[in-house]
Amino acid sequence: MKFRAKIVDAACLNHFTRVSAMIAKLAKTCTLRISPEKLNFVLSDRVASGGVSMWCELEQENFFSEFQMEGISAENNAIYLDLTAENLSRALKTAQNARALKIKLTNKHFPCLTVSIELLSVSSSSRVVTHDIPVKVIPRKLWKDLQEPTIPDSDVSIYLPALKTMKSIVEKMKNISNHLIMEANLSGELNLKIETELVCVTTHFKDLGNPLPASEDASQERPPEQMAEVHIDIRKLLQFLAGQQVNPTRAVCNLVSNKIIHFDLLHEDVSLQYFIPALS
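All values reported here derive from a predicted model rather than from experimental measurement.

Asker: Which parts of the structure should I look at to understand the sheet that holds strand β16 (residues 250–256)?
Answerer: What holds strands together in a sheet is hydrogen bonding between their backbones, with the strands either parallel or antiparallel. The sheet built from nine strands is open, its strands ordered β10-β6-β2-β3-β4-β18-β17-β16-β11 with antiparallel pairing. Across the chains shown, the open sheet's two edge strands, defined by having one partner strand only, are β10 (136–137) and β11 (156–159). Alignment of strand β17 (residues 260–267) against strand β18 (residues 270–277), held across eight bridges, turns out to be antiparallel. When the sheet's bridge partners are listed, F263 is paired in β18 with Y274. Sitting on the sheet, helix α2 (residues 85–93) is in contact with β2 (29–34), β3 (38–44) and β6 (79–84), with an inclination near 85° to β6. On the sheet, helix α5 (residues 234–242) packs against β17 and β18 and is oriented at approximately 170° with respect to β18.

What follows is the structure, given as structure tokens:
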């Protein structure tokens with residue numbers, strides 16, 4: 001089992017640093033899945049038991065100038081590593097203005113992702129800063145719990161408003177209630193709603209637009225103005241919104257009534273899927 005990779009392009013390095021910072025805000029610990037073509041950051045808290053799940057995917061060729069990996073075997077050519085997301089993010093933050101960054105799977109009495117950063121010093125000679133990030137290698141028998149999530153058939157899909165706007169609204173709502181109702185319809189309307197014994201507050205968004213359904217008959221049966229609603233933990237929504245440092249190229253929300261909300265975001269060439277289950 002081997003893995004080594006290198007980034008020399010400054011824009012790629014900055015983008016990779018931003019992705020790792022986003023992941024650190026979304027998950028305390030996560031799984032890094034390494035395959036010949038892709039890197040995935042995976043969070044698989046059981047949705048059935050009320051946890052969120054995440055699948056972030058990036059094509060390695062869009063980031064790395066060198067990329068070599070050998071999985072556990074020829075037919076299972078992948079590596080799954082558990083790590084603390086903040087450790088990776090912190091290491092990459094020291095790579096600003098770096099000449100090059102290397103990541104390697106090493107064994108230093110315990111498995112590590114070793115991040116070596118080549119920095120230019122004032123005298124134009126370079127110095128190397130090294131971070132050893134402890135990881136846990138996940139055995140093959142546990143991989144089945146860490147596969148790409150199946151996307152549920154949604155009742156309503158809608159484009160999201162600016163995420164910063166959503167975040168500032170949800171932050172204010174969190175001061176009043178721990179629960180939030182998110183509802184949307186096929187007329188491009190989205191409502192964020194909180195209800196307590198004393199107050200009911202709703203924020204309305206209009207004309208957001210709806211993506212075309214994957215199957216023709218999926219939406220034809222549903223009246224356009226009929227709302228699909230999901231009750232969720234407001235803190236889980238806020239954590240998702242806080243992780244979005246850059247407005248994505250595309251942001252879609254899929255609602256399955258009273259079951260789950262699936263966020264599908266595209267940041268340039270990085271895709272992020274995030275699932276928040278309904279409160280039982």
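Asker: Is there a simple way to explain the packing of helix α1 (residues 10–26) against α2 in this structure?
Answerer: Relative orientation of the contacting elements α1 and α2 amounts to 150°, with a least axis distance of 8 Å. Overall, the two elements α1 and α2 adopt an arrangement that is roughly antiparallel. Crossing angle aside, the handedness with which α1 passes α2 is left-handed. Residue-level contacts link F16, T17, S20, A21, I23 and A24 of α1 to A85, E86, L88, S89, L92 and K93 of α2. Its residues assigned to classes, the contact of α1 with α2 shows seven nonpolar, three polar and two charged.

Asker: I'm lost on α5 in this one. Help?
Answerer: Owing to its 3.6 residues per turn, the α-helix brings residues three or four apart onto one side. Listed in full, the buried residues belonging to α5 are I234, L237, L238, F240 and L241. For α5, the angular spread of buried residues about the axis comes to 160°, placing them on one side. Capping the start of α5 is the job of one residue whose side-chain oxygen sits 2.9 Å from the backbone nitrogen of R235: D233.

Asker: What am I meant to see in unusual backbone geometry here?
Answerer: For residues other than glycine, phi is negative in most cases, and the peptide bonds are mostly trans. Positive phi is not limited to glycine here, since D207 has a value of about 55°. Tracing the sequence through the fold places D207 in the loop between β14 (200–205) and α4 (216–220). In this structure, N258 is a non-glycine residue whose phi angle is positive, near 60°. For N258, a relative accessible area of 54% gives the class exposed.

Asker: Is there a simple way to think about the packing of helix α3 (residues 163–174) against α5 in this case?
Answerer: Packed helix pairs are characterised by how far apart their axes lie and by the angle those axes make with each other. Orientation of α3 relative to α5, taken along the N-to-C sense of each, is 150°, at an axis distance of 10 Å. Once α3 is placed against α5, the crossing between them reads as left-handed. Packed against α3, whose contacting residues are L163, M166, K167, V170, E171, M173 and K174, the element α5 presents I234, R235, L237, L238, L241 and A242 at the interface. When grouped by side-chain class, the residues that make up the contact of α3 with α5 number nine nonpolar, no polar and four charged.

About the criteria used
Residues numbered from 1 in each chain as written. Predicted model: local features only at pLDDT ≥ 70, side-chain atom pairs only at ≥ 80, totals over all residues. Heavy atoms only, no water. Pairing = 2+ DSSP bridges. Helix = DSSP H or I, 4+ residues; strand = E, 2+ residues; numbered from the N terminus. Contact = heavy atoms within 4.5 Å. Axes fitted to C-alpha atoms, helices over the stretch in contact; angles between N-to-C directions. Parallel < 35°, antiparallel > 145°, perpendicular 65-115°, else oblique. Left-handed = near helix turned anticlockwise from the far one by under 90°. Nonpolar A, V, L, I, M, F, W, Y, C, P; charged D, E, K, R; others polar. Buried < 20%, exposed > 50% of the residue type's maximum accessible area, 1.4 Å probe, protein only. Arc of directions from axis to C-beta. Polar contact = N/O pair within 3.5 Å; in protein donor to acceptor, adjacent residues only side chain to side chain.

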